[in-house]
Amino acid sequence: PTLYGDATHFSVSTLLVRNFSYSWTFGDTTNESGATPTHTYSAPGQYETGITASHGDISLNNTLEASILPHTNAKLSSLVLSSGDLNPVFSSTTLSYNQSVPHAFTSLTVTPTVEDPTATVTVNGVSVASGDSSGSIPLSVGANAITLVVTAQDGITTKTYSVSVTRAGSSNANLSNLVVSTGALTPVFAAEVTGYTQDVANSVTSLTVIPTTADAT
């Protein structure tokens, strides 16, 4: 068997080389002549190869099967996030990673590169070309799972890489507005002011306060 992408070498017995001429059909519509041809197949598979040995009025035919095996490499050679560094540092044999980002980061992208160019990769189930960035991945506060699945050329061998991205919570503890049901605050509301007074008539026995946070989280 020959691995896909490598040349397959054919040959005949050296005892016949001096007396016969040889023509080959490689089973993929291509032909060649000679006693020791080489051929590179364009896809994995089983190919019925034919050889015809001719000498004068003598013509001998034979067939053999060439097995071209698909690649089984399902590794990444690189994994880069648009923000921050992976922990631990990327290695093709390490499958699980962590990443922390500030609260201000609401999304990121992932750029995976396969080790074998015949392999394919998906990010959260969406196909991504090797070496290209994924689509924007939204980040919630807390842990966010990103799953990358590499599939080898054989369509069977896979390897799954995972990244847990933790987005920090907001440090914004301000209000954007503060309203009371009766009257007006003194001074007028401002996010940086934390103390207010409010005068109400003697008939007012209760009121409600409506605060609005500056950060919805």
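Values in this document were obtained by computation on a predicted structure and should not be read as measured data.

**Q** I keep staring at a nonpolar patch on the surface and nothing clicks. Help me out?
**A** There is a patch of nonpolar side chains on the surface, built from Val-200, Leu-207 and Val-209 and spanning about 230 Å² of accessible area. Tracing the sequence through the fold places Val-200 in the loop between β17 (175-180) and β18 (209-213). The exposure class of Val-200 is partly exposed, given its relative accessible area of 38%.

**Q** How do you make sense of the sheet that holds strand β6 (residues 45-55) when you look at a structure like this?
**A** In any sheet, the strands associate via hydrogen bonds between backbone groups, in a parallel or an antiparallel arrangement. Within the open sheet, the 5 strands sit side by side as β1-β7-β6-β3-β4. Their pairing is mixed. Of all strands in the sheet, those with a lone pairing partner are β1 (2-3) and β4 (31-33), marking the two edges. Relative to β4, strand β3 (residues 21-25) runs antiparallel, the two being bridged by 3 bridges. By the bridge assignment for β4, Ser-23 is matched with Ser-33.

**Q** Where do I start with unusual backbone geometry in this structure?
**A** Excluding glycine, residues mostly have negative phi values, and the peptide bonds linking residues are mostly trans. Note the cis peptide between Asn-87 and Pro-88, where omega equals 0°. In this fold, Pro-88 is placed in the loop between β8 (76-81) and β9 (96-101). Backbone torsion omega between Thr-186 and Pro-187 reads -5°, so that peptide bond is classified as cis. Mapping Pro-187 onto the fold places it in the loop between β17 and β18.

**Q** Would you mind going over the nonpolar core with me for this structure?
**A** Most often, soluble globular proteins keep nonpolar side chains buried together rather than apart. Counting residues in hydrophobic clusters, the biggest one holds 24 residues, and the most contacted among them are Ile-146 and Val-163. At the level of elements, β8, β9, β11 (110-114), β12 (120-123), β15 (142-151) and β16 (158-167) are the ones that each hand at least two residues to this core. What Val-163 contacts, discounting residues up to four positions off in sequence, is Leu-79, Leu-81, Leu-86, Tyr-97, Gln-99, Asn-144, Ala-145, Ile-146 and Leu-148. Residues Phe-26, Tyr-41, Ala-53 and Ile-68 belong to the second largest nonpolar core, which totals 13 residues.

**Q** Hey, could you run me through the environment of Ala-214 in this one?
**A** Among the secondary structure elements, Ala-214 is positioned in the segment after β18. With a relative accessible area of 40%, Ala-214 lands in the partly exposed category. Sequence separation of Ala-214 and Ser-176 is 38 residues, and the distance between their C-alpha atoms is 4.5 Å. Contacts of Ala-214, omitting those with residues within four sequence positions, involve Asn-172, Asn-174, Leu-175 and Ser-176.

**Q** Would you mind going over the sheet that holds β12 with me for this structure?
**A** If you walk across this open sheet you meet the 5 strands as β9-β16-β15-β12-β13, and the pairing is mixed. Unpaired on one side and paired on the other, β9 and β13 (126-128) mark the two borders of the sheet. The average undirected angle you get between the axes of adjacent strands in this sheet is 25°. Inspection of the sheet shows β12 paired to β13 by 3 bridges, in the antiparallel sense. Looking at the pairing, Val-123 lines up with Val-126 of β13.

**Q** Please clarify how the side chain of Arg-167 should be interpreted in this entry.
**A** Checked against the element boundaries, Arg-167 lands in strand β16. For the buried Arg-167, no salt bridge exists, and the shortest N-O distance to an oppositely charged side chain is 6.6 Å, to Asp-215. A polar side-chain atom of Arg-167 sits 2.8 Å from the main-chain carbonyl oxygen of His-103. Among the polar contacts listed, one links the side chain of Arg-167 to the backbone oxygen of Leu-139, at a separation of 3.0 Å. Aside from chain neighbours lying at most four places away, what touches Arg-167 is Val-101, Pro-102, His-103, Phe-105, Thr-106, Leu-139, Ser-140, Val-141, Gly-142 and Asn-144.

**Q** Explain the pairing of β16 here, please?
**A** A regular strand carries its side chains on alternate faces of the sheet. Two strands pair when backbone bridges link them, and β9 and β16 are joined in this way by 6 bridges, in the parallel orientation. Each bridged residue has a counterpart across the sheet, and for Gln-99 the counterpart in β16 is Val-165. With 10 bridges joining them, β15 and β16 adopt antiparallel strand pairing. Paired with Ile-146 across the strands is Val-163, a residue of β16. Between β15 and β16, which pair antiparallel one after the other, the connecting turn spans 6 residues, and Gly-155 there sits at a positive phi close to 75°.

The rules behind these values
- Residues numbered from 1 in each chain as written.
- Predicted model: local features only at pLDDT ≥ 70, side-chain atom pairs only at ≥ 80, totals over all residues.
- Heavy atoms only, no water.
- Patch = residues over 30% accessible without salt bridge, like charges linked within 9 Å, V, L, I, M, F, W, Y side chains within 5 Å.
- Areas by Shrake-Rupley, 256 points an atom, 1.4 Å probe, with all protein chains shown as cover.
- Salt bridge = Lys/Arg side-chain N within 4 Å of Asp/Glu carboxyl O.
- Helix = DSSP H or I, 4+ residues; strand = E, 2+ residues; numbered from the N terminus.
- Buried < 20%, exposed > 50% of the residue type's maximum accessible area, 1.4 Å probe, protein only.
- Pairing = 2+ DSSP bridges.
- Core = buried A, V, L, I, M, F, W, Y, C linked by side-chain atoms within 4.5 Å.
- Contact = heavy atoms within 4.5 Å.
- Axes fitted to C-alpha atoms, helices over the stretch in contact; angles between N-to-C directions.
- Lys, Arg positive; Asp, Glu negative; His and termini not counted.
- Polar contact = N/O pair within 3.5 Å; in protein donor to acceptor, adjacent residues only side chain to side chain.

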